[in-house]
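Tertiary structure, described
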Amino acid sequence: MGKHKLLIILLCGIIAFSGGIFLRMQNIWHPTQEGVLNFLMEDSQRKEEDTYSQLIKEQGRFNMLIIGEDNVEESKRSDTILLVSVDVDDKNIRIVSLPRDLRVSIPGHGTQKLNHAYAYGGQELLKTTIENYLSVPILYCVVVDYDGFPPFVDALGGIDINVERKMKYRDKAGNLDINIMPGLQHMDGKTAMHYVRFRHDAMGDIGRIQRQQKFLKNVITKVYDPASLSNIPSLIRSAMHLFRSDMSTSYAIGLANFVQKEIPQENIFFTMCPGEPATVNKRSYWIGDPEAVNLFLTAPLSVLHTGKLVKLDSRRRETKIPFSTVKRVTNLPGQAVAGAESTNENQIDPQLLKSLVEGINTDIAVLNGDGRAGICKEVALRLQKLGIDVRETGNAKHFDYNFSNIIYPLNASIGMKNTAKMLGTFFGVADNLIRASNQANCVSIVLGHDYKTAVLDTLNNYLQYKKR
């Protein structure tokens, strides 16, 4: 073969190779709907699981699992669990937070809390457990390392968060020293990490989930800001250290670009697995409603934009499934929070409040620990309107209670303890103020000097919501 022909073949090969790189780069930086669906189909077929490709082919969407990994004393735990459903066809994203205490069946380990699955078998066992529980296929797993979290937030330029209440907690084992004051703050990466991980208040993991969703909405809003486009290279570098995934880097970048350019902020929806707290065999669980989660994942986009999603039971009774968007948040009732603006973001989910009220099956007492006349009657009247039986009202041991307490008898039954816990969650009473006491004949609310904001306002807000 002559040198001339050899040179032509070599040039053609270089052009063809360069053309392939160019097309791949185009798909990464300027992804099309068809291009995204094609690489998803390739990955689903490579994994040889028909349910993956079937969901993509029939509905144009796929599911992935995001796991926040906490490394405590060399023991890895799933600290945050999110199921994310990306609809490429209809251009929307639905994010479901799954509580760590969700009661599920873990293959090979029986019925336990969801976060135990990760400790037993890593992301694969957690993925399988959730797939079985919700009956949905999960194509990808993404593990978020908390060590890489602060640099990512710093690369964003920090995040503005309206902090609901003072957050103070120290955990030497988890290397956490959290001390965040209430009010609007511009947080750097370290402070933001403390905000999303804090769960040592009356709401526990449920309150933390609400804060995490609030944080994610603020991150999404910032990423969608045109001013953030110049930071994309540094964000990608930070993300490389933050995430571990079975999705290739090029696919991840292409998908991120598609989401940022093609999916509007108002088409990103959030919810938490609906359910209620319960104690089973002396262990606290979140008893979830997988049917409600599936309704959220499969509801038409037009229904989600109405802000109304309901589930019908066998008697055709409606149960609302609460959810929110980045820009437009559903009108939720709840208690006013010190140091924060009165916005729906800071309020407790009405479905959670409803489940808490329905779970109170023992009568209670209301005791005056503030000293002002008539406050017990005022609170008792509203509790009775909610269907909660008030056995008696009276005075507490003294009138110097700064904060409202929930107390129960020393020999309280499991039912009484459940009632105390649910009342504490309803009113946002700190864990250390929910306790056994020899002055309690039944579960009792002791009204402190904060009774108006902590108890009365919460009851009034919820009663107004019920009238709608």
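Everything quoted here is computed from the prediction, not taken from an experiment. (Residues numbered from 1 in each chain as written. Predicted model: local features only at pLDDT ≥ 70, side-chain atom pairs only at ≥ 80, totals over all residues. Heavy atoms only, no water.)

Attention now moves to the packing of helix α6 (residues 189-197) against helix α7 (residues 204-224). Angle between the axes and distance between the axes are the two parameters that describe a pair of packed helices. Contact geometry for α6 and α7: axes closest at 7 Å, N-to-C directions at 140°. Taken together, the axis directions place α6 and α7 in an arrangement best described as oblique. For the pair α6 and α7, the contacting residues are Ala192, Tyr195, Val196 and Arg197 in the first and Arg208, Arg211, Gln212, Lys214 and Phe215 in the second. Residues that form the contact of α6 with α7 fall into these classes: four nonpolar, one polar and four charged. (Axes fitted to C-alpha atoms, helices over the stretch in contact; angles between N-to-C directions. Helix = DSSP H or I, 4+ residues; strand = E, 2+ residues; numbered from the N terminus. Parallel < 35°, antiparallel > 145°, perpendicular 65-115°, else oblique. Contact = heavy atoms within 4.5 Å. Nonpolar A, V, L, I, M, F, W, Y, C, P; charged D, E, K, R; others polar.)

The next subject is the nonpolar core. Ranked by internal contacts, the top residues of the largest apolar core, which has 37 residues, are Leu65, Leu98, Leu102, Leu114, Leu126, Ile130 and Phe296. For this core, the element with the most residues is helix α4 (residues 116-134), which contributes seven residues. Once residues within four sequence positions are removed from consideration, leucine 126 is found in contact with Leu65, Ile67, Ser78, Ile81, Leu114, Ala117 and Tyr118. (Core = buried A, V, L, I, M, F, W, Y, C linked by side-chain atoms within 4.5 Å. Buried < 20%, exposed > 50% of the residue type's maximum accessible area, 1.4 Å probe, protein only.)

Of note in this structure, serine 135 is not a glycine but carries a positive phi near 60°. As for its position among the elements, serine 135 is in the loop between α4 and β6 (140-145). Relative accessible area serves as the criterion here: at 63%, serine 135 is assigned to the exposed category. Of note, lysine 282 is a non-glycine position whose phi angle comes to about 65°, a positive value.

Right, let's talk about the packing of aromatic side chains for a bit. Summed over the entire model, instances satisfying the criterion amount to five aromatic pairs. Ring plane angle 75° and centroid distance 4.9 Å describe the contact between phenylalanine 426 and phenylalanine 427, whose orientation is recorded as edge-to-face. For the pair phenylalanine 426 and phenylalanine 427, one class covers both residues: buried. Each ring, one from phenylalanine 426 and one from tyrosine 462, has its centre 5.9 Å from the other, and the planes form 85°; the classification is edge-to-face. Of this pair, phenylalanine 426 sits in helix α14 (residues 414-427) while tyrosine 462 is found in helix α15 (residues 451-467), placing the two residues 36 residues apart along the sequence. The same class applies to phenylalanine 426 as to tyrosine 462, namely buried. Feature note: the residues Phe269, Phe296 and Phe323 constitute an aromatic cluster, connected by ring pairs. In this arrangement the basic side chain of arginine 103 is found over the ring face of tyrosine 285, its NZ or CZ atom lying 5.2 Å from the centre. (Phe/Tyr/Trp six-rings, centres within 6.5 Å; stacked < 30°, edge-to-face > 60°. Lys NZ or Arg CZ within 6 Å of the ring centre and 35° of its normal.)

Topologically, lysine 113 is positioned in strand β5 (residues 110-113). Relative accessible area serves as the criterion here: at 18%, lysine 113 is assigned to the buried category. The residues touching lysine 113, leaving out its near neighbours within four places in the chain, are Arg100, Asp101, Leu102, Val104, Ile106, Ser284 and Tyr285.

Attention now goes to the packing of helix α2 (residues 33-46) against helix α9 (residues 249-262). As a packed pair, α2 and α9 sit with axes 11 Å apart at the nearest point and diverge in direction by 145°. Helix-helix and strand crossings are classified by hand; for α2 and α9 the assignment is left-handed. Residues Gln33, Val36, Phe39, Glu42 and Asp43 of α2 pack against Tyr251, Leu255 and Phe258 of α9. Its residues assigned to classes, the contact of α2 with α9 comprises five nonpolar, one polar and two charged. (Left-handed = near helix turned anticlockwise from the far one by under 90°.)

Pairing between sheet strands relies on hydrogen bonds along the backbone, with the strands arranged either parallel or antiparallel. Strand order in the open sheet formed by five strands is β19-β18-β22-β20-β21, with mixed pairing between adjacent strands. With partners counted over all chains shown, the strands left at the sheet margins are β19 (390-395) and β21 (434-436), one partner each. Direction aside, the axes of adjacent strands within the sheet are offset by 25° on average. Judged from the three bridges that link them, strand β20 (residues 405-408) and β21 form a sheet pairing that is parallel. Bridge pairing links isoleucine 406 to isoleucine 434 in β21. This element, helix α13 (residues 375-385), spans β18 (364-368), β19 and β22 (443-447) of the sheet and lies at about 155° to β18. Docked against the sheet, α14 engages β18, β20, β21 and β22, running at close to 30° with respect to β22. (Pairing = 2+ DSSP bridges.)

What follows is about α9. For an α-helix the count is 3.6 residues per turn, leaving residues at separations of three or four pointing the same way. Its 14 residues give α9 an end-to-end C-alpha distance of 20 Å, which sits within 8% of 20 Å, the value for a rise of 1.5 Å per residue. Listed as buried for α9 are Tyr251, Ile253, Gly254, Leu255, Asn257, Phe258, Val259 and Gln260. (Expected span 1.5 Å × (residues − 1).)

Next up on the list: the pairing of strand β4 (residues 103-106). Of the two faces of β4, the one holding Val104 and Ile106 is buried and the one holding Arg103 and Ser105 is not buried anywhere. Where β4 meets β5, four bridges bridge the pair, whose relative direction is antiparallel. The partner of isoleucine 106 across the bridge, within β5, is glycine 110.

With respect to the element layout, arginine 94 can be found in strand β3 (residues 92-97). It is aspartate 87 that comes nearest to the buried, bridge-free arginine 94 among opposite-charge side chains, at 4.8 Å. Not counting residues within four places of it along the chain, the set of residues in contact with arginine 94 comprises Leu83, Val84, Ser85, Phe269, Phe296, Leu297, Thr298, Ala299, Pro300, Leu301 and Leu304. (Lys, Arg positive; Asp, Glu negative; His and termini not counted. Salt bridge = Lys/Arg side-chain N within 4 Å of Asp/Glu carboxyl O.)

The next thing to look at is the environment of glutamate 164. You can see glutamate 164 is positioned in the loop between β7 (159-163) and β8 (167-171). A residue is classified by how much of its surface remains accessible, and glutamate 164, at 6% relative accessible area, is buried. Spatially, the C-alpha atom of glutamate 164 lies 10.0 Å from that of isoleucine 180, the residues being 16 residues apart in sequence.

Turning next to the pattern of salt bridges. In the structure shown here, the tally under the stated rule is nine salt bridges. Of the charged contacts, one joins glutamate 262 and lysine 91 as a salt bridge, the two residues approaching to 3.0 Å between their closest N and O atoms. With a gap of 171 residues between them, glutamate 262 in helix α9 and lysine 91 in the loop between β2 (75-87) and β3 connect regions that are remote in the sequence. Lysine 127 serves as the salt-bridge partner of glutamate 131, at 3.5 Å between the closest nitrogen and oxygen. Placement of the pair is glutamate 131 and lysine 127 together in helix α4, with a separation of four residues, close to one helical turn. Residue class for glutamate 131 comes out buried when judged on its relative accessible area of 16%. Residue classification places lysine 127 among the buried positions, given a relative accessible area of 7%.

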